[in-house]
Every structure is written in C-alpha cells, then in structure tokens.
Amino acid sequence: MQEDEKKPRKVLLIACGALAREILAIREQKGLENLHVTCLPAKLHNRPALIPARVRAKIRAAKSCYDKIFVLYGDCGTGGMLDVVLREEGVERIGGPHCYAFFAGQERFERMMESDPTRFFLTDYLARHFRTLIYEGYGLDRHPHLRDLLFGNYRGVVYLAQTESEELVRAAERAAEMLELPLEVMRTDYGELAPFLERIA
Amino acid sequence: MTEDKDKNQDEDIDLKALSDQELVEQMWDDLYDGLQEPILEGTNILLERKWLPYDVLTKALIEGMRIVGIDFRDGILFVPEVLMSAGAMKAGMAILKPLLAETGAPSLGKIVIGTVKGDIHDIGKNLVSMMLEGAGFEIIDLGVNVSVETYLEALEKHQPDILGMSALLTTTMPYMKVVIDTLKEKNLRDDYIVLVGGAPLNEEFGKAVGADSYCRDAAVAVETAKDFMKRKHNIKAGAGKASAS
C-alpha cells in the first residue's frame, strides 16, 4: 500500500503532432518519465473543426488507464470548441490560442500581435516542414500566382526558434524567400511549454 | 500547367455543341477544376445564345461556386483549389459585370464588409464579397484589420443595408462584439443587418455577439443576405400598407 502511494502518478499528454519533438526533448531534459505522450496528426490543423472530436475520442479511450490526462493544443482555430469538449471531459490544456503564443510567451505574443498583425510565424516544426505543409500544402508549387492571394497581407516572417540550429535558421530563410518576405529570428526556447510539462508530470 | 489542361479540355469537349443544360453543367465542372479558359468560353456562348447576364451569373457561375463551397466544407477541396475556382469565376464575372450594369440587373442591397481589427486574413471575406457582388449586391470592401471607427465611418458614409464582418483568428473574433456593442451604444444597431463569418466561428458565437446571423460559407452568406433583404422589404411594405390604411 505504502509502495503504491510512492509511485508517481501516471500522466498522459494528448498533443498535437507538431509538438512531439519538443515534448520528448523536454521530457528527457527534465526526467519526466511518468509523462506518457500520444499525438494526433499535425495536419488536423488544416481542418481545425475536427480537432475537438478527435481529442475527445483520445481522452475517452485513455481515461481508465491514467491518473490524469492533459491536452497540449492551443485553441488552434477551433473557435472555443476544444475548450467546450475539455470542460465536458474534465481535462485541462495549456493556455493560449496556439503554439506560437506559448512558445513566445502569452503576454509577449499578444503585444506582438497588437503592435503588428501582419507577421507570419514559424516554429522549429514549421521551419522544418514549411515546403511540404505550407508551400506545397497551399498549392504554391503548382500555382505560384496564389502567393499574393494567400500571403499578400503579410509584411514579414518571424521564426520563433525553440532550438539553436543553423540548419533551421537556413530553412526559415528559405521559407521567407519563398514568400518574398523579410525574416526575423527570435529565440524563444520552449517558452511556457517546459514549465507546463513540469507542472503536470 | 493550367493552360495545357485548358487546351486538353477544349480538345476534348466542344462547348458549342452542348445543349444549354449540358453547357451549364460543364461550366460547374470547369469551375470546380479552376479552369478559366472554358469558363470564359462558356460565358460567351451562353450570352451568344441570348441568356441574360444575370442568369449566366446565377445559374452557371454562382451555382458552380456553391458546389465548390460544399466540397470545401466537407474537406474534399482545400484552399488552393477554392482559390483557383474563385479565379475562374472572377474571369467569367469580368465579362458579365459591364453587361449587368447595362441591363440594369436588380441591385439587391448594399453591404459594407471587412475583416476585423488585428486580423489580416481575407480569403474567405474576398470570396464572400465576390459571390455577393455576383448575386447583385453592391459591395464596399473595407479590407483587413478594420477598426470599429473605420466600420462606423463607412456605415455613416455608405448607409448600407448589411454590415459583414469576418475573422479567422480565435483571438480576433471577439472584436465583432466590440463593433456590435458600439453600434448598440450609439443606437445604430437596428439600422443594419449584421452578418458574421470566418472559420473558427459558429452559430452560437454569432448569437452571443449579437449578430443577426452567422454565415457558414460564401454560398450561405449569399442566401442569408438575400433572405434578410426580402424580410426587410416585407417589413417596409407592411409598414407602408399599415400607414396607408
């Protein structure tokens, strides 16, 4: 009985696939062995309306096997519907509208958006997969003339860098070039993600 | 690439040989595939066959875009395909626009539209504007990142029937309430039909912010705007009759 009480609680984190690498890195750095992770495909962001139901299904499938479940999604364009599901399921998520906000820090991100909403944000994941997810995903490889329709209102690209990587900076530079926008690199590390994972583990 | 595809289409199908109904259905397919050339040709053929420009617009182009809208909503088509379709429709509209003006096609009403402050996303808003314009509304497009002050100035200047607001971000959609609350404070709310739309919105949100209606997509926006204008005219006609009696 006493041994059971000493056992760390078994925690499941249901996360967006775009954050898997970062979660695993933090888990290893901080030694959060009791934190189990399951991911939903990052491409769900193309149909945000599907996210709440997919998260709910994951929660229900895992509920009986874990002491506690948390969700690592921003609102991610669900218009508050993810929070409705999470309230119904009694599950907490990291705060904020999307990952840019918790990497940059909520208040800082809000200030950035208020001062200039014309910046397109990249994270490590987006810099790494820009060509497939954004450039090809939005058909710019096949229809380059769509660039102005899709990105014509943007005035710059901000790369919120979680890690120090020359390779990713170069990838961000290439992304900015494809959009014909100036690039700003902002080192954020893991922002509010690391303390969130430490708190829940 | 598109040109080659267009050429192949032209080689495969002689649009002039098709009956009116077949041609219209072919134009729906061409719009779906985002092919400008056959849309231009089909538009011209229907006009040569003495179709009214308004009928070409509504029966061939707008109906075609309605189908595109449904498949976008259902996840069959994605943003680039919809933009290609919109480009094809725009090409057809460019032929029809001057003719519509000449033939005095019915003006259904005036709409001031814009993406709310803090938000620069305008794909959906532009599509809605194009469809509404096609349906016969006069559009005053305020663009993106529109403040409450700009909305109010435009409302005062243009005296529209409808105010349309769009947002793509969860963080910016609450600004719609700021605009509507300001209209209420100034006792202007009842002067306008307020329609809202954007990917993260839903019906509940539309009600919560005090809009008259949430429009799920561009085709719904057109139907909703038409419906509200009909009701507005009915109310006016009813009031006219009441005062006459």
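Because the structure is a prediction, the values reported are computed rather than measured. Along each chain, the written sequence defines residue order, and numbers are assigned to residues from 1. Here the convention is simple: chains get letters from A, ligands get numbers from 1, in the order in which they are written. Under the rules for a predicted model, residues below a pLDDT of 70 receive no local features and side-chain atom pairs below 80 are neither given nor counted, while totals for whole chains, interfaces and linings still include all residues. Hydrogens and water molecules were not included; the side-chain quantities draw on all heavy atoms of the structure.

**What to know about unusual backbone geometry**
Residues and elements named next belong to chain B.
1) Next: Look at Lys 50: it is not a glycine, yet its phi comes out positive at around 70°.
2) Next: Checked against the element boundaries, Lys 50 lands in the loop between helix H3 (36–48) and helix H4 (53–73).
3) Next: In this structure, Asn 145 takes a positive phi of about 55° despite not being glycine.
4) Next: Checked against the element boundaries, Asn 145 lands in the loop between strand E2 (137–141) and helix H7 (148–158). Put simply, DSSP marks the helices as runs of H or I at least four residues long and the strands as runs of E at least two long, and each gets a number from the N terminus on.

**Digging into the pattern of salt bridges**
Side chains carrying opposite charge are able to pair once their charged atoms draw close together.
1) Next: Salt bridge, as used here, is a side-chain nitrogen of Lys or Arg placed within 4 Å of a carboxyl oxygen of Asp or Glu. Scanning the model with the defined rule gives 28 salt bridges over all chains in all.
2) Next: A salt bridge links A:Glu88 to A:Arg56, with the nearest nitrogen and oxygen atoms 2.7 Å apart. Of this pair, A:Glu88 sits in helix H4 (residues 81–89) while A:Arg56 sits in helix H3 (residues 51–62), and the two are 32 residues apart along the sequence.
3) Next: Summary of the burial criterion: residues with accessible area below 20% of their type's maximum are buried, those above 50% are exposed, and those between are partly exposed, where the area comes from a 1.4 Å probe applied to protein chains only. Overall, A:Glu88 belongs to the exposed group, its relative accessible area being 52%.
4) Next: Its salt-bridge partner being B:Asp181, residue B:Lys177 comes within 2.8 Å of it at the nearest N-O pair. Taken together, the residues B:Lys177 and B:Asp181, both in helix H8 (residues 175–185) and 4 residues apart, mark about one turn of the helix.

**Digging into the packing of H4(B) against helix H5 (residues 79–102) of chain B**
Residue and element names in this part refer to chain B.
1) Next: Under this scheme, a helix contributes an axis fitted over its contacting stretch, all axes are lines through C-alpha atoms, and angles between N-to-C directions fall in the 0 to 180 degree range. At a minimum axis distance of 10 Å, the contact between H4 and H5 shows a crossing angle of 170°. It follows that H4 is roughly antiparallel to H5 by the angle criterion. Within the contact between the two elements, H4 uses Pro 53, Tyr 54, Val 56, Leu 57, Leu 61, Ile 62, Met 65, Val 68 and Phe 72 and H5 uses Val 79, Val 82, Ser 85, Ala 86, Met 89, Gly 92, Met 93, Leu 96, Leu 99 and Leu 100.
2) Next: Split by residue class, the contact of H4 with H5 holds 17 nonpolar, 2 polar and no charged. Angle categories are assigned with fixed cut-offs, so that under 35 degrees is roughly parallel, over 145 is roughly antiparallel, 65 to 115 is roughly perpendicular, and the rest are oblique. In this description, contact between two residues means that some pair of their heavy atoms is separated by no more than 4.5 Å. Any residue that is not Ala, Val, Leu, Ile, Met, Phe, Trp, Tyr, Cys, Pro, Asp, Glu, Lys or Arg is counted as polar, Gly included; the first ten are nonpolar and the last four charged.

**Considerations on a negative patch on the surface**
Residues and elements named next belong to chain B.
1) Next: The patches reported here contain residues having more than 30% relative accessible area and no salt bridge. Joining distances are 9 Å for like charges and 5 Å for nonpolar side chains (Val, Leu, Ile, Met, Phe, Trp, Tyr). Using a 1.4 Å probe, the Shrake-Rupley method yields the accessible areas, and only the shown protein chains count as cover for residues. The positive count covers Lys and Arg only, the negative count covers Asp and Glu only, and His and the chain ends enter neither. Each charge is placed at NZ for Lys, CZ for Arg, CG for Asp and CD for Glu. Together, Glu 22, Glu 25, Asp 29 and Asp 33 make up a negatively charged patch on the protein surface.
2) Next: For Glu 25, the location among the structural elements is in helix H2 (residues 20–32).
3) Next: A residue is classified by how much of its surface remains accessible, and Glu 25, at 37% relative accessible area, is partly exposed.

**Focus: the domain arrangement of chain A**
All names here are of chain A.
1) Next: Residue ranges assigned to each domain were obtained from an automatic or database domain assignment. For chain A, the domain assignment lists domain 1 (2–98 + 191–200) and domain 2 (101–187).
2) Next: A separation of 25 Å is found between the C-alpha centroids of domain 1 and domain 2.
3) Next: Facing 16 residues of domain 1, the contacting portion of domain 2 comprises 10 residues.
4) Next: Summed over both sides, the interface of domain 1 with domain 2 buries roughly 1100 Å², with 61% coming from carbon and sulfur.
5) Next: Here the buried area means the combined drop in accessible surface, using a 1.4 Å probe, for two parts upon being joined, counting both sides. By the criterion of area lost to domain 2, the three top residues of domain 1 are Glu 22, His 98 and Glu 192, representing 39% of everything that side buries.
6) Next: Across the domain 1-domain 2 interface, the total number found is 0 salt bridges.
7) Next: Polar contact is defined as a pair of N or O atoms within 3.5 Å, subject to the rule that within protein one atom must be able to donate a hydrogen and the other to accept it, and that residues adjacent in sequence are counted only when both atoms are side-chain atoms. The interface formed by domain 1 and domain 2 includes 5 residue pairs in polar contact (both at pLDDT 80 or more).
8) Next: A per-class count over the side of domain 1 that touches domain 2 returns 7 nonpolar, 6 polar and 3 charged.

**Things to note about the packing of aromatic side chains**
All names here are of chain A.
1) Next: Any Phe, Tyr or Trp ring, taking Trp's six-membered ring, that has another such ring centre within 6.5 Å forms a pair; planes under 30 degrees apart are called stacked, those over 60 apart edge-to-face, and the others tilted. Evaluation of the coordinates by the stated rule reveals 9 aromatic pairs over all chains.
2) Next: Here the aromatic rings of Phe 120 and Tyr 154 are separated by 5.3 Å at their centres, their planes lie at 85°, and the arrangement is edge-to-face. Taken together, the positions of Phe 120 in strand E5 (residues 119–122) and Tyr 154 in the loop between helix H8 (146–151) and strand E6 (156–161) put the pair 34 residues apart, joining distant regions of the chain. Comparing Phe 120 with Tyr 154, the two get one shared label, buried.
3) Next: Feature note: the residues Phe 120, Tyr 138, Phe 151 and Tyr 154 constitute an aromatic cluster, connected by ring pairs.
4) Next: The positively charged end of Lys 10 is found above the aromatic ring belonging to Tyr 66, 5.0 Å away from the centroid. The rule for a charge over a ring is simple: NZ of Lys or CZ of Arg within 6 Å of the ring centre, and within 35 degrees of the ring normal.

**Considering the interface of chain B and chain A**
1) Next: Counting residues at the interface gives 25 residues for chain B and 22 residues for chain A.
2) Next: Of the roughly 1700 Å² buried at the junction of chain B and chain A (both faces included), carbon and sulfur atoms supply 63%.
3) Next: The interface formed by chain B and chain A includes 0 salt bridges.
4) Next: Applying the counting rule to chain B against chain A returns 6 residue pairs in polar contact (both at pLDDT 80 or more).
5) Next: Where the side of chain B that touches chain A is concerned, the elements lending two or more residues are H4 and H5 of chain B.
6) Next: When residues in the side of chain B that touches chain A are grouped by element, the largest group, 5 residues, is from H5(B).
7) Next: Looking at side-chain class alone, the side of chain B that touches chain A contains 13 nonpolar, 8 polar and 4 charged residues.

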